[in-house]
Amino acid sequence: MTENRRKTGARYERMAGAYLTEKGYEILEYNFRCRMGEIDIVARDGEYLVFCEVKYRSDDRRGHPAEAVDWKKQKIISKCALFYIASHGLSDLSCRFDVISFQGDAATLYKNAFDYAGG
């Protein structure tokens, strides 16, 4: 079951990457990991460094996929983003947190979905 979820997650992360590329984003990295957690996609969108969370649901029985990016998840992503910025020397860039959700194969992009929550 876990392996199947990983394969599904990886598939939708690649689909999200293709979707973001079509929208003009430059994908910098998939699955950035540090001791605080993971960021699904790190990208550039114009002058913004974008940290993107990808969520998938086959249907809405468990709620909308974007709802799964709760405060706890936002805090983890924020801490990982801070580490990414520091470790890559990118403190001069503005950053943004986007969420891309999939219900089935239908994608929805939420730009600036949440503010930094690491404090």
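Residues numbered from 1 in each chain as written. Predicted model: local features only at pLDDT ≥ 70, side-chain atom pairs only at ≥ 80, totals over all residues. Heavy atoms only, no water.

Undergrad: Can you walk me through the side chain of Asp40 in this structure?
TA: Relative to the helices and strands, Asp40 resides in strand β2 (residues 37–45). Here Asp40 occupies a buried position and makes no salt bridge, while the nearest side chain of opposite charge, Lys73, is found at 6.0 Å. Reaching out from Asp40, the side chain makes a polar contact with the backbone nitrogen of Val54 at a distance of 2.8 Å. (Helix = DSSP H or I, 4+ residues; strand = E, 2+ residues; numbered from the N terminus. Buried < 20%, exposed > 50% of the residue type's maximum accessible area, 1.4 Å probe, protein only. Lys, Arg positive; Asp, Glu negative; His and termini not counted. Salt bridge = Lys/Arg side-chain N within 4 Å of Asp/Glu carboxyl O. Polar contact = N/O pair within 3.5 Å; in protein donor to acceptor, adjacent residues only side chain to side chain.)

Undergrad: Can you walk me through the pairing of strand β4 (residues 94–103) in this structure?
TA: In regular strands, side chains alternate between the two faces of the sheet. The buried count for β4 comes to seven of ten residues, which makes it a mostly enclosed element. Across ten bridges, the pairing between strand β3 (residues 48–57) and β4 is parallel. Bridging across to β4, Glu53 finds its partner in Val99. Pairing between β4 and strand β5 (residues 106–114): six bridges, direction antiparallel. Bridge pairing links Val99 to Tyr110 in β5. Counted between consecutive antiparallel strands, the loop separating β4 from β5 contains two residues, among which Gly104 sits at a positive phi close to 65°. (Pairing = 2+ DSSP bridges.)

Undergrad: Can you walk me through the pattern of salt bridges in this structure?
TA: When charged atoms on two side chains of opposite charge get close, those side chains can pair. For the structure on display, the rule yields seven salt bridges. Across the salt bridge formed by Glu53 and Lys73, the nearest N and O atoms sit 3.8 Å from each other. With a gap of 20 residues between them, Glu53 in strand β3 and Lys73 in helix α2 (residues 71–87) connect regions that are remote in the sequence.

Undergrad: I keep staring at the packing of aromatic side chains and nothing clicks. Help me out?
TA: Aromatic rings considered in pairs are described by the distance between their centres and by the relative angle of their planes. As enumerated under the stated definition, the model contains seven aromatic pairs in all. Here a set of aromatic residues connected by ring pairs shows up, and it is made of Phe32, Phe51, Phe83, Tyr84, Phe97 and Phe114. Its end group placed over the ring of Tyr30, Arg14 keeps NZ or CZ at 3.7 Å from the ring centre. (Phe/Tyr/Trp six-rings, centres within 6.5 Å; stacked < 30°, edge-to-face > 60°. Lys NZ or Arg CZ within 6 Å of the ring centre and 35° of its normal.)

Undergrad: What should I look at first to understand the sheet that holds β5 in this one?
TA: Hydrogen bonds along the backbone pair up the strands of a sheet, which may run parallel or antiparallel. A sheet is described by the order of its strands in space; here five strands give the open sequence β1-β2-β3-β4-β5, paired in mixed fashion. At either margin of the open sheet sits one strand with a lone partner, and together these are β1 (26–34) and β5. Averaged over all adjacent pairs, the angle separating strand axes in this sheet is 30°, with direction ignored. The strands touched by α2 within the sheet are β1, β2, β3, β4 and β5, with β2 carrying the most contacts at an inclination of about 60°. (Axes fitted to C-alpha atoms, helices over the stretch in contact; angles between N-to-C directions. Contact = heavy atoms within 4.5 Å.)

Undergrad: Mind showing me how you'd approach the nonpolar core here?
TA: Across soluble globular proteins, nonpolar side chains show a tendency to be buried alongside one another. Counting residues in each nonpolar core, the largest one holds 15 residues, and the members touching the most others are Ile39, Val42, Phe51 and Ile77. The set of elements that each furnish at least two residues to this core consists of β1, β2, β3, α2 and β4. With residues near it in sequence (within four places) discarded, Val42 still touches Glu26, Ile27, Leu28, Glu29, Phe32, Leu49, Val50, Phe51 and Tyr84. With twelve residues, the next largest nonpolar core counts Tyr25, Ile41, Val50 and Leu109 among its residues. (Core = buried A, V, L, I, M, F, W, Y, C linked by side-chain atoms within 4.5 Å.)

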